[in-house]
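Spelled out, the chains give:
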Amino acid sequence: MSKEIMKKGRFGQYGGQYIPETLMNEIKKLEEAYAYYQKDEAFCKELDTLLKEYAGRPSLLYYAEKMTEDLGGAKIYIKREDLNHTGSHKINNVLGQVLLAKKMGKTRVIAETGAGQHGVATATAAALLGLECEIFMGKLDTQRQALNVYRMELLGAKVHPVTSGTMTLKDAVNEAMREWTNRVDDTLYVLGSVMGPHPFPTIVRDFQSVISKEAREQILEKEGKLPDAVVACVGGGSNAMGMFYNFIGDENVRLIGCEAAGHGINTDQHAATIAKGSLGVFHGMKSLFCQNEEGQISEVYSISAGLDYPGIGPEHAYLHETGRARYVSITDEEAVSAFEYIARTEGIICAIESAHAVAHVMKLAPTMSKDEIIIICLSGRGDKDVAAIARYRGVDLHE
Amino acid sequence: MSRIDKAFENKKAFIAFLTAGDPNLEKTEEYVLKMVEAGADLIEIGIPFSDPIAEGIVIQEANIRALRAKTTVEKVFEKVKSIRRKTDVPLVFLTYLNPVFHYGYDAFLAKCKECGVDGIIIPDMPYEEKGEILDIAGKYDVDLISMIAPTSEERIGMIASKAKGFVYVVSSMGVTGVRSEIKTDLESIVDVIKKNTDTPAAIGFGISTPEQASHFSQFADGVIVGSAIVKIIAKNGENAGEELYNYVKSMKDAIV
């Protein structure tokens, strides 16, 4: 086991570089460029300035007093990634990757998107830094999130609706990978989550780890101690990895990921990879996937387009295997109730993805004592979801 | 000498690809035998996968048709066993890694040997990752076939020197699919391969016309055609035999 951990690009047995030969040299170039620029003072300074001056970091660590009182247990803090420019944690990663692309001499970036948050963030960073941008989005998702499609177009990106397969996030990744094999010389694939072939899971984690770096300092300043638990939603797992990373060494901090149980993990309509998935190799990585007994990747389902993915990043699979992090499943109904709850209680309309984490905290906080602390990563804002929630509740909206 | 070696012995090989189970496995057997009769020297059989990331739209759709026809790995093995009883043509699987991983590397390769499969091409398993399967493939005398791409550059020597069966030279950037023009300097790539190995080199991706086949066979040891064949099957469904025969014959005849 320890020998495996030492292997490049692996988290235990998970990770690796399972991609076509056409991409191998390019992925190695990315690996080298990242190794160089992550230590380059000018690059780090430029990124830091973008995060502060453009994205609005540091994000607030907000004490949710009403929620704390109402739930009657642990003290609840909310890491407000929803307040970042473009409305989610996705901006942390894309500013890093698009800046890296520019340093590598690339003139074009491509990306996949599910809910559209990563697509919007990538289009934003590309507009700011002057790169061409093309986004691949499942056709079904372009319909569920039509507003985000228009947003990306306003930002100058070209959006390709993907009509293959299940027409959702997994197919958008397939198509973005195909496009990358078609054109690597001037193009970087800006992957949106802690998944795909090495070095993406590491790059995305590093750029997202600013979340826990700040949160750790902020909670120490406010409370003089570390939290007892941090909770985040998990699709591919980028906001959760960002939220967990700087707490991994703090053994007394419980790390909890919330995956989408859709209509329930005992139905065939969920996206709960840790609860129901199995080991496999897909999208460039060895990890856990929802798949059938033949190794065919399953169609997954969640009310949240951002969690509607049949796999999970390799480092999460590893944290699960070692028991360092724990993963729970949250149904659509629980998430929608939490979405409504935090709106009423704290006046925050959060992303339906993030509502999965809120839902778990609603169960967890009352079981903990008043001197214990929970931090929720509120990964994004929920404007994009309002229409879908209304539909879910049977409310007919006319815009 | 292996069946794959024989396919390249003193001649240029025409390699034909189809997706197993498209439109059904009975037809797969018929079409394989038809293409062999027309002169195909090696048959590449694709195991259908839900998410074939290296394939263009033509072969993607063949994968979907095959999966809808309830094609499973086990059924493909049974069919290949039946084909093997009727022909000595070398048979090579093209499969994404996940179905093999799920079947179990040892069990899958043992079954390959039992059914008479001579080689295996895994487009999502590059040189760096093949360690987890290489020894097992060797144990069952199944050649793990390596791919070389237009972007491989300094990797060509490393890959070619360890190549088994034949080297699959990817003609173009991107995914599989018919192309009217192939711009890569394939002659130089084949030159580097030849300096590093005696294993034959066959060119695939984008080839569909006898003119292209004739041109590439002047410096490569073989030509691989997939999408053009799958298109004929897509168009004719269960009645593709005659057109496949004529097409494969025209391609084989064009190879010098």
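Predicted model only: the values in this text are computed from it and were never measured.

Here is what the cut-offs are and how they apply
- Residues numbered from 1 in each chain as written.
- Chains lettered and ligands numbered in written order.
- Predicted model: local features only at pLDDT ≥ 70, side-chain atom pairs only at ≥ 80, totals over all residues.
- Heavy atoms only, no water.
- Helix = DSSP H or I, 4+ residues; strand = E, 2+ residues; numbered from the N terminus.
- Rg over C-alpha atoms; globule rule 2.2 N^0.38 Å.
- Buried < 20%, exposed > 50% of the residue type's maximum accessible area, 1.4 Å probe, protein only.
- Contact = heavy atoms within 4.5 Å.
- Areas by Shrake-Rupley, 256 points an atom, 1.4 Å probe, with all protein chains shown as cover.
- Lys, Arg positive; Asp, Glu negative; His and termini not counted.
- Charge placed at Lys NZ, Arg CZ, Asp CG, Glu CD.
- Core = buried A, V, L, I, M, F, W, Y, C linked by side-chain atoms within 4.5 Å.
- Pairing = 2+ DSSP bridges.
- Patch = residues over 30% accessible without salt bridge, like charges linked within 9 Å, V, L, I, M, F, W, Y side chains within 5 Å.
- Salt bridge = Lys/Arg side-chain N within 4 Å of Asp/Glu carboxyl O.
- Domains from an automatic or database assignment.
- Buried area = accessible area lost by both parts, 1.4 Å probe.
- pLDDT = per-residue confidence, 0-100.
- Right-handed = clockwise from strand over helix to strand, strands pointing away.

Draft legend 1. Broad picture of the overall build of chain B. What chain B contains, in helices and strands, is twelve helices and nine strands. By the compact-globule yardstick of 18 Å for 256 residues, chain B fits well, its C-alpha radius of gyration being 16 Å. Dimensions of chain B, computed from the C-alpha atoms along their principal axes, are close to 45 × 40 × 35 Å. Within chain B, the fraction of its 256 residues that count as buried is 64%. At a minimum sequence separation of 6, the contacts of chain B that also span at least 24 residues come to 73%. For chain B, the accessible area works out to roughly 9500 Å², and carbon and sulfur atoms hold 49% of it. For chain B, the separation between the mean place of its 30 positive charges and that of its 38 negative charges on side chains is 4 Å.

Draft legend 2. Broad picture of the overall build of chain A. Helices and strands together make up the secondary structure of chain A, namely 17 helices and 14 strands. Its C-alpha atoms give chain A a radius of gyration of 19 Å, within 12% of the compact-globule value 21 Å for 399 residues. In chain A, which comprises 399 residues, the share counted as buried stands at 64%. By sequence separation, contacts in chain A at least 24 residues apart represent 73% of the contacts at least 6 residues apart. With the model as given, the accessible surface of chain A reaches about 14300 Å², and the carbon-plus-sulfur share is 51%.

Draft legend 3. Fine view of the nonpolar core. By size, the foremost hydrophobic cluster in this structure holds 72 residues, and its most contacted members are Phe 93 and Phe 108 of chain B. Counting residues in hydrophobic clusters, the runner-up holds 62 residues, among them Leu 99, Ala 123, Ala 126 and Ile 135 of chain A.

Draft legend 4. Spotlight on the pairing of strand E4 (residues 75-80) of chain A. Residues and elements named next belong to chain A. Of all six residues that make up E4, five are buried, and the element is covered over most of its length. Judged from the six bridges that link them, E4 and strand E14 (residues 373-378) form a sheet pairing that is parallel. Paired with Arg 80 across the bridge in E14 is Leu 378.

Draft legend 5. Examining a nonpolar patch on the surface more closely. On the surface, a cluster of nonpolar side chains totalling about 310 Å² of accessible area is made up of Ile 349, Val 386, Val 395 and Leu 397 of chain A. Tracing the sequence through the fold places Leu 397 of chain A in the segment after helix H17 (386-392).

Draft legend 6. Quick peek at the domain arrangement of chain A. All names here are of chain A. Split by domain assignment, chain A resolves into domain 1 (8-17 + 24-51 + 90-204) and domain 2 (57-87 + 209-392). A straight line from the C-alpha centre of domain 1 to that of domain 2 covers 22 Å. Taken together, the contact pairs 37 residues of domain 1 with 39 residues of domain 2. Summing both sides of the interface, domain 1 and domain 2 together bury roughly 3000 Å²; the carbon and sulfur share of this comes to 60%. The interface formed by domain 1 and domain 2 holds one salt bridge in total. Between Arg 144 and Asp 308 there is a salt bridge, with its nearest N and O atoms 2.9 Å apart.

Draft legend 7. Broad picture of the confidence of the model for chain A. With 98% of its residues at a pLDDT of 70 or more, chain A shows a mean pLDDT of 95. For residues 1-6 of chain A, every residue scores under 50 in pLDDT, and the model assigns this stretch nine contacts once sequence neighbours within four places are set aside.

Draft legend 8. The pairing of strand E9 (residues 229-234) of chain A, seen in detail. All names here are of chain A. When you tally the buried positions in E9, you get six out of six residues, the bulk of the element. With burial as the criterion, each face of E9 is covered, one bearing Ala 229, Val 231 and Cys 233 and the other bearing Val 230, Ala 232 and Val 234. For E9 and strand E10 (residues 254-262), the ladder comprises six bridges, and the chain directions are parallel. Each residue of the ladder has a partner; that of Cys 233, found in E10, is Cys 258. As for the winding sense of the linkage, the β-α-β connection from E9 through helix H12 (residues 238-244) to E10 is right-handed. Examined bridge by bridge, E9 and E14 share three bridges and lie parallel to one another. The residue bridging Ala 229 from the neighbouring strand is Ile 374, located in E14.

Draft legend 9. Spatial organisation of unusual backbone geometry. The omega angle of the peptide bond from His 198 of chain A to Pro 199 of chain A is 10 degrees, so this bond is cis rather than trans. Considering the arrangement of structural elements, one finds Pro 199 of chain A in the loop between strand E8 (187-189) and helix H10 (200-208). Following Asp 22 of chain B, the chain continues into Pro 23 of chain B via a peptide bond in cis, with omega recorded as 0 degrees. Looking at the element boundaries, Pro 23 of chain B is found in the loop between strand E1 (13-19) and helix H2 (25-37). Look at Met 167 of chain A: it is not a glycine, yet its phi comes out positive at around 60 degrees. Position of Met 167 of chain A relative to the elements: it lies in the loop between strand E7 (158-162) and helix H9 (169-182). Positive phi outside glycine occurs at His 283 of chain A, with the angle close to 50 degrees. The topology assignment puts His 283 of chain A in the loop between strand E11 (278-282) and strand E12 (284-289).

Draft legend 10. A look at the pattern of salt bridges. Residues and elements named next belong to chain A. Counting across every chain of the model gives 50 salt bridges over all chains. For Lys 8, the salt bridge goes to Glu 31, with nearest N and O atoms at 3.2 Å. One end of the pair, Lys 8, is in the loop between helix H1 (2-6) and strand E1 (10-11); the other, Glu 31, is in helix H2 (residues 21-37), and 23 residues separate them in sequence. On the basis of relative accessibility, which here comes to 17%, the residue Glu 31 falls in the buried class.

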